[in-house]
Amino acid sequence: MWKSWKLHTDVRVREGAGGSPCASSQPGSRGPCFLPGLSLQELSRRRQFLREHAAPFSAFLTDSFGRQHSYLRISLTEKCNLRCQYCMPEEGVPLTPKANLLTTEEILTLARLFVKEGVDKIRLTGGEPLIRPDVVDIVAQLQRLEGLRTIGVTTNGVNLARLLPQLQKAGLSAINISLDTLVPAKFEFIVRRKGFHKVMEGIHKAIELGYNPVKVNCVVMRGLNEDELLDFAALTEGLPLDVRFIEYMPFDGNKWNFKKMVSYKEMLDTVRQQWPELEKLPEEESSTAKAFKIPGFQGQISFITSMSQHFCGTCNRLRITADGNLKVCLFGNSEVSLRDHLRAGASEQELLRIIGAAVGRKKRQHAGMFSISQMKNRPMILIELFLMFHDSPPGNPSISSWDPLHVQGLRPRMSFSSQVATLWKGYRVPQTPPLAQQRLGSGSFQRHYTSHADSDANSKCLSPGSWAPAAPSGPQLTSEQLTHVDSEGRAAMVDVGRKPDTERVAVASAVVLLGPVAFKLVQQNQLKKGDALVVAQLAGVQAAKVTSQLIPLCHHVALSHVQVQLELDSTRHAVKIQASCRARGPTGVEMEALTSAAVTALTLYDMCKAVSRDIVLEEIKLISKTGGQRGDFHRA
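The rules we used
Numbering of residues starts from 1 in each chain and follows the order in which that chain's sequence is written. Per-residue local features of the predicted model are confined to residues with pLDDT of at least 70, and side-chain atom pairs are confined, for both listing and counting, to 80 or more; whole-chain, interface and lining totals are unaffected and use all residues. Computation of side-chain values: all heavy atoms of the structure, hydrogens and water removed. In DSSP terms, a helix is any run of H or I states spanning at least four residues, a strand is any run of E spanning at least two, and both are numbered starting from the N terminus. Partly exposed describes any residue whose relative accessible area lies between the buried limit of under 20% and the exposed limit of over 50%, with all areas from a 1.4 Å probe on protein chains only and scaled to the type maximum. Accessibility throughout is a Shrake-Rupley quantity obtained with a 1.4 Å probe, and a residue counts as covered only by protein chains that appear here. Each patch groups residues whose relative accessible area exceeds 30% and which form no salt bridge, using 9 Å between like charges and 5 Å between nonpolar side chains of Val, Leu, Ile, Met, Phe, Trp and Tyr. Each salt bridge in this description consists of a side-chain nitrogen of Lys or Arg and a carboxyl oxygen of Asp or Glu lying within 4 Å of one another. Any two strands with at least two DSSP bridges between them are considered paired. Expected span of a helix, by definition, is 1.5 Å for each gap between consecutive residues, and there is one gap fewer than residues. Pairing of N or O atoms within 3.5 Å defines a polar contact, subject to two protein rules: one partner must be a possible hydrogen donor and the other a possible acceptor, and residues neighboring in sequence count only if both atoms are side-chain atoms. Working definition: a ring pair exists when centres of Phe, Tyr or Trp rings (six-membered ring for Trp) sit within 6.5 Å. Plane angles under 30 degrees give stacked, over 60 give edge-to-face, the rest tilted. Consider the ring centre and the ring normal. A charge sits over the ring if Lys NZ or Arg CZ is within 6 Å of that centre and within 35 degrees of that normal. What we call a nonpolar core is a set of buried Ala, Val, Leu, Ile, Met, Phe, Trp, Tyr and Cys residues that are connected through their side-chain atoms within 4.5 Å. Note that domain bounds follow an automatic or database assignment of domains. In what follows, a contact means two residues having at least one pair of non-hydrogen atoms within 4.5 Å. The pLDDT score gives, residue by residue, the confidence of the prediction method on a 0 to 100 scale. Axis lines are fitted to C-alpha atoms, over the contacting stretch for helices. Their N-to-C directions set the angle, which ranges from 0 to 180 degrees. Comment on the angle field: the value is read as roughly parallel under 35 degrees, roughly antiparallel over 145, roughly perpendicular from 65 to 115, and oblique elsewhere. Two helices crossing with the near one rotated counterclockwise from the far one by less than a right angle form a left-handed crossing, whereas a clockwise rotation gives a right-handed crossing.

*Asks:* Got a minute to help me understand the overall build of the protein chain in this structure?
*Replies:* Secondary structure summary: the protein chain contains 17 helices and 20 strands in total. Counting across all 636 residues of the protein chain, residues that qualify as buried make up 53%. A total of about 28900 Å² of accessible surface is found on the protein chain, and carbon and sulfur atoms cover 52% of it.

In C-alpha cells, the structure reads:
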C-alpha cells in the first residue's frame, strides 16, 4: 500500500471515455492501475492514455481566480473529549441538535459528489473525529470512491492508538496529531483533562504502523509554549515526524491578541540559532507549510504561516462543517447549507450549482490578521479541531517556563527531547509517575508539590519539593499615611522612578479547608477535573506574573523568581499554600506573592467545588518581605 502512493498519476479519466483504465481493479482500490507483470513500457503507454483522456478540472470547484479546489475537509462531529482552554469553555459549547447534523449517508453523498468533480483528498476533522462511533466505517466507505487518493484525519490523539489499526485497514492514509506541549502537567492544564500519555501512545502507534511522516501540529503562542520549539524540533532527529509549527490564529471566542502570536520569522530564527545548517525543502504546489530539514535528522519541521505570510493564492481547500455548511475560507464568515438543499431533494446538478456559486464568491485572500480578529466567525471547535491558544496572559519568558525533566523524573543531564525520542525509538510509552508522596506516621499520604520559575538559574520546574520558607527579619517600618492617594484623597500610583533598585523578596501564604471528602479526592488525585494541586500551582505562578493587570495601582514588576508550594494537612483536611516572589527593582513584590497565594487558593476551590462548596479560604497573609526603604518585615 505504501509504495503505490508514489505511483499515483495526477489526471482523472473522463467517464465513458474508453471505460475504466484498469478493468481488473478491485472494488475499493485506490491508486494507480498496476497489473501484475505490467512492463515499464506498458505502464508508460497507460500513463499516456490517461493524460490524453484526462477531463478538465470541474468548473464548479474552480473559483474566479483559477484556483482548483481538490482538497475537502469534512467535520464529523462538534463534540470533543477534551476541554482545551483555547478552544472552548470548561462546560463545553452549545452543540447543534443531532437532527441538524449530517448523517453518515449525507456525508458520503456529499463526499461522492465532490470526488466525482475532482477532489482527490479528504481529511476528516471535528470536534474530535475519532469519538464518532462509525468513523472506521466512514473511512472504509470513502476508500471505495474512485479517484480519491488520500484519506486523512486530524485528531487530538487520545483515541488514536486504540483505533488506528482498524482505520489503517479501512484505508486511512494520512494522520495529523495535535500536540502543543511535551510537558504532561502543562498538557493537563491546557486541556483540563488527562490524556498526555494516550497521545504519546497514539504517535508511537502511527510510527509503528508505518505512517511516514506522522504530522504533529503545534500551535505556538507566546507565554505558553514558545519555549518548547527546540524540544519539538529535536524530536525529528530519530523519528519520522513532520512537526508543524502553526501561527496562532483568531477565531470567535479565543480572544486573539497580536502580542500572543509568535511569527514564522521569529520561530525560524529560534531554530536556526540552534541549528544554523537548517535546510529549506522544496514547497509542494498548494502546500500550506514551509518545510525545513536539519541535516542528518530523520524527520522535518514545517511552519504554517496563515497570519504573517498567507498562502491564499494557492489555496485548494474547502470545508464542510458537521451541520452541513460549506465554508470556502477558514477565516470567512460566509457559509451555505448543503444539508438543507440535500434534505429538500436537490438534484446533483442543483447541488453543484450551489457549490459552484459559493466557490465562485471566494475572495482572493483573507482579510488579514487584524481584520480577522474583529470578524464574527464560528469558534474553532465548531469548524474543526485545530489547536490554537486562548487568553493566556503574556509574561516574562524567563518565568513562564516549565520543566519536563522534573515532571517526568528524568535525568537532568539528558535533554527532554532526547528522552522522549529514546522512549519512542524503543516503542515504549512514558508513564506518568505518581505525585511525590511521603508516608506519615499516621499511615496517610502527604503530597508535597513545588513549582517555580527562576530566570537567574534558567530553571524551569514543576517538581516534588519540601517547604523552604524565607525567614527575613529586621526593622518593621510603616507609614501613617496611605501612599496610593494624593493630597485630595484621589487614587494615584506611586512614582518609583527615583527609587534605587534593590533586591526584593516576599513570601505569602493561604490555607484552603477542603473538608474530608474533597481532601481525600485531592490526596488520591481522583478529581474528574484532573490534578488539583498541579493546576493550582500553575495558576499561582501565572497570577504572580500578571498582578499589575489585576490590582490597578500596582507597578509591573519583572520577576526573576516565582515559587508556589502546596502541602496537604490531613489533620485539618486542608491545603497549605506558600508563594514567594523575587525581583530586583524600585518597588516590592508583596502584592505579587499575595496574589499568587490567593489565586492558588481560588483555583483549588474551583477544582473541588463540584464535590463540595463547603470550602473555606482563610489566612491569606504576608509572611515576610525584604528590601526597600521601609525595611524588612517578618510575621512572628
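*Asks:* Just checking my understanding: could you explain the environment of Gln 273 for this structure?
*Replies:* Structurally, the position occupied by Gln 273 is in helix H8 (residues 264–274). Between the alpha carbons of Gln 273 and Leu 230 there is a distance of 9.9 Å; along the sequence they are 43 residues apart.

*Asks:* What is the right way to look at a nonpolar patch on the surface in this model?
*Replies:* Side chains of Leu 602, Leu 617 and Ile 620 sit close together on the surface and give an oily, nonpolar patch of about 250 Å² of accessible area. Within the secondary structure, Leu 617 sits in strand S19 (residues 616–626).

*Asks:* Mind showing me how you'd approach the pattern of salt bridges here?
*Replies:* Pairing between side chains of opposite charge can happen when their charged atoms approach one another. Inspection of every chain in the model, using the stated rule, returns 23 salt bridges. Residues Arg 67 and Asp 63 are paired through a salt bridge, measuring 2.6 Å at the closest nitrogen-oxygen approach. In this structure Arg 67 comes out as buried when scored by relative accessible area, which is 6%. Here the residues in one salt-bridge network are Arg 572, Glu 618, Glu 619 and Lys 621, joined through shared partners.

*Asks:* What is the right way to look at the sheet that holds strand S12 (residues 335–337) in this model?
*Replies:* What holds strands together in a sheet is hydrogen bonding between their backbones, with the strands either parallel or antiparallel. Overall, mixed pairing links the twelve strands, which are arranged S7-S8-S9-S6-S5-S4-S3-S2-S1-S10-S11-S12 in an open sheet. The open sheet has two edge strands with one neighbour each: strand S7 (279–280) and S12. In the sheet, strand S2 (residues 121–125) pairs with strand S3 (residues 150–155) via four bridges, with the strands oriented parallel. Counterpart to Ile 122 in the pairing with S3 is Ile 151.

*Asks:* Can you walk me through helix H15 (residues 532–545) in this structure?
*Replies:* Given a rise of 1.5 Å per residue, 14 residues ought to cover 20 Å, and the 20 Å separating the end C-alpha atoms of H15 matches this to within 8%. For H15, the tally of buried residues reaches 14 of 14 residues, placing the bulk of the element in the interior. At the N-terminal boundary of H15, the capping side chain belongs to Asp 531, with an oxygen 3.1 Å from the backbone nitrogen of Leu 533.

*Asks:* Would you mind showing me how to read the packing of aromatic side chains here?
*Replies:* The geometry of an aromatic ring pair is captured by two quantities: the separation of the ring centres and the angle between the planes. Taken as a whole and assessed by the stated rule, the structure comprises six aromatic pairs. Between Phe 245 and Phe 303, the ring centres sit 5.7 Å apart and the planes meet at 40°, which makes this aromatic pair tilted. Here Phe 303 lies in strand S9 (residues 300–304) and Phe 245 lies in strand S6 (residues 241–247), a separation of 58 residues in the sequence. Ring pairs connect the aromatic residues Phe 232, Phe 245, Tyr 264, Phe 292 and Phe 303, which therefore count as one cluster. Over the ring of Tyr 71 we find Lys 121, and its NZ or CZ is 4.5 Å from the ring centre.

*Asks:* What's the story with the nonpolar core in this structure? I'm lost.
*Replies:* Most often, soluble globular proteins have nonpolar side chains that are buried together. If you look at the biggest cluster of nonpolar residues, it comprises 130 residues, and the most contacted ones within it are Phe 114, Ile 122, Leu 142, Leu 179, Phe 245 and Leu 326. Broken down by element, this core gets its largest block of residues, eight residues, from H15. Shared between two domains, this core holds at least three residues of each, these being domain 1 (56–381) and domain 2 (502–634). Sequence-distant contacts of Phe 114, that is, excluding residues within four places in its chain, are made with Leu 61, Leu 72, Val 119, Leu 318, Ile 320, Leu 326, Leu 338 and Ile 355. Ile 246, Tyr 248, Ala 289 and Ile 304 belong to the second-largest nonpolar core, a separate cluster that totals six residues.

*Asks:* Quick question: what am I supposed to make of the environment of Gln 298 here?
*Replies:* Within the secondary structure layout, Gln 298 lies in the loop between strand S8 (289–293) and S9. Owing to a relative accessible area of 45%, Gln 298 belongs among the partly exposed residues under this scheme. Gln 298 sits 57 residues away from Leu 241 along the chain, and the two C-alpha atoms are 7.8 Å apart. When sequence neighbours within four positions are dropped, the list of residues in contact with Gln 298 reads Thr 236, Glu 237, Gly 238, Leu 239, Pro 240 and Lys 293.

*Asks:* Looking at this model, I keep getting lost on helix H6 (residues 196–208). Mind explaining?
*Replies:* In an α-helix, one full turn covers 3.6 residues, which means residues spaced three or four apart are oriented alike. When the terminal C-alpha atoms of H6 are compared, their 18 Å separation across 13 residues agrees well with the 18 Å that a helix rising 1.5 Å per residue should span. The buried fraction of H6 is high, at ten of 13 residues. By the burial criterion, the buried members of H6 are Phe 196, His 197, Val 199, Met 200, Gly 202, Ile 203, His 204, Lys 205, Ala 206 and Ile 207. Gly 210 lies just past H6 and shows a positive phi near 95°.

*Asks:* I keep staring at unusual backbone geometry and nothing clicks. Help me out?
*Replies:* The phi torsion of most residues other than glycine is negative, and most of the peptide bonds are trans. Here the bond from Gly 126 into Gly 127 is cis, since omega is 10°, no more than 30 degrees from zero. The topology assignment puts Gly 127 in the loop between S2 and helix H3 (135–143). Put simply, Asn 212 and Pro 213 share a cis peptide bond, and its omega is 5°. Along the chain, Pro 213 falls in the loop between H6 and strand S5 (214–220). For Asn 525, which is not a glycine, the phi torsion comes out positive at approximately 55°. The backbone of His 573 shows a phi angle near 50°, a positive value even though the residue is not glycine. Along the chain, His 573 falls in the loop between strand S17 (561–569) and strand S18 (574–585). Residue His 573 is classed as partly exposed on the basis of its relative accessible area of 29%.

*Asks:* Even after reading the chapter, I still don't get the confidence of the model for the protein chain, so can you show me in this structure?
*Replies:* Segments scoring low in pLDDT should not have their predicted coordinates read at a detailed level. With 68% of its residues at a pLDDT of 70 or more, the protein chain shows a mean pLDDT of 76. Predicted confidence for residues 366–449 stays below pLDDT 50, and this span has 257 contacts to residues more than four positions away or in other chains.

*Asks:* Help me understand the packing of helix H2 (residues 104–116) against H3 in this model?
*Replies:* The description of two helices packed together rests on the angle between their axes and the distance between the axes. At their nearest, the axes of H2 and H3 sit 11 Å apart, and the two run at 25° to each other. Between H2 and H3, the angle is such that the two are roughly parallel. In terms of crossing hand, the pair formed by H2 and H3 is right-handed. Contact residues: H2 offers Thr 104, Leu 108 and Ala 111, while H3 offers Ile 138, Gln 141 and Leu 142.

*Asks:* Would you mind showing me how to read the side chain of Ser 302 here?
*Replies:* With respect to the helices and strands, the residue Ser 302 is situated in strand S9. The buried category is assigned to Ser 302, whose relative accessible area is 1%. Within polar-contact distance, the side chain of Ser 302 engages the side chain of Asp 242 at 2.8 Å. Ignoring sequence-local partners within four residues, the contact set of Ser 302 consists of Asp 242, Val 243, Arg 244, Phe 245, Ala 289, Lys 290 and Ala 291.

*Asks:* What is the right way to read the pairing of S18 from this model?
*Replies:* For a regular strand, side chains alternate in direction, first toward one face of the sheet and then toward the other. The buried count for S18 comes to nine of twelve residues, which makes it a mostly enclosed element. Relative to S18, strand S16 (residues 502–513) runs antiparallel, the two sharing twelve bridges. Paired with Ala 510 across the strands is Ile 577, a residue of S18. In this structure, S17 lies alongside S18, joined through nine bridges in antiparallel fashion. Bridging from a neighbouring strand, Glu 567 pairs with Lys 576 of S18. Once S17 ends, the chain turns through four residues before running back antiparallel as S18, passing His 573 with a positive phi of about 50°.

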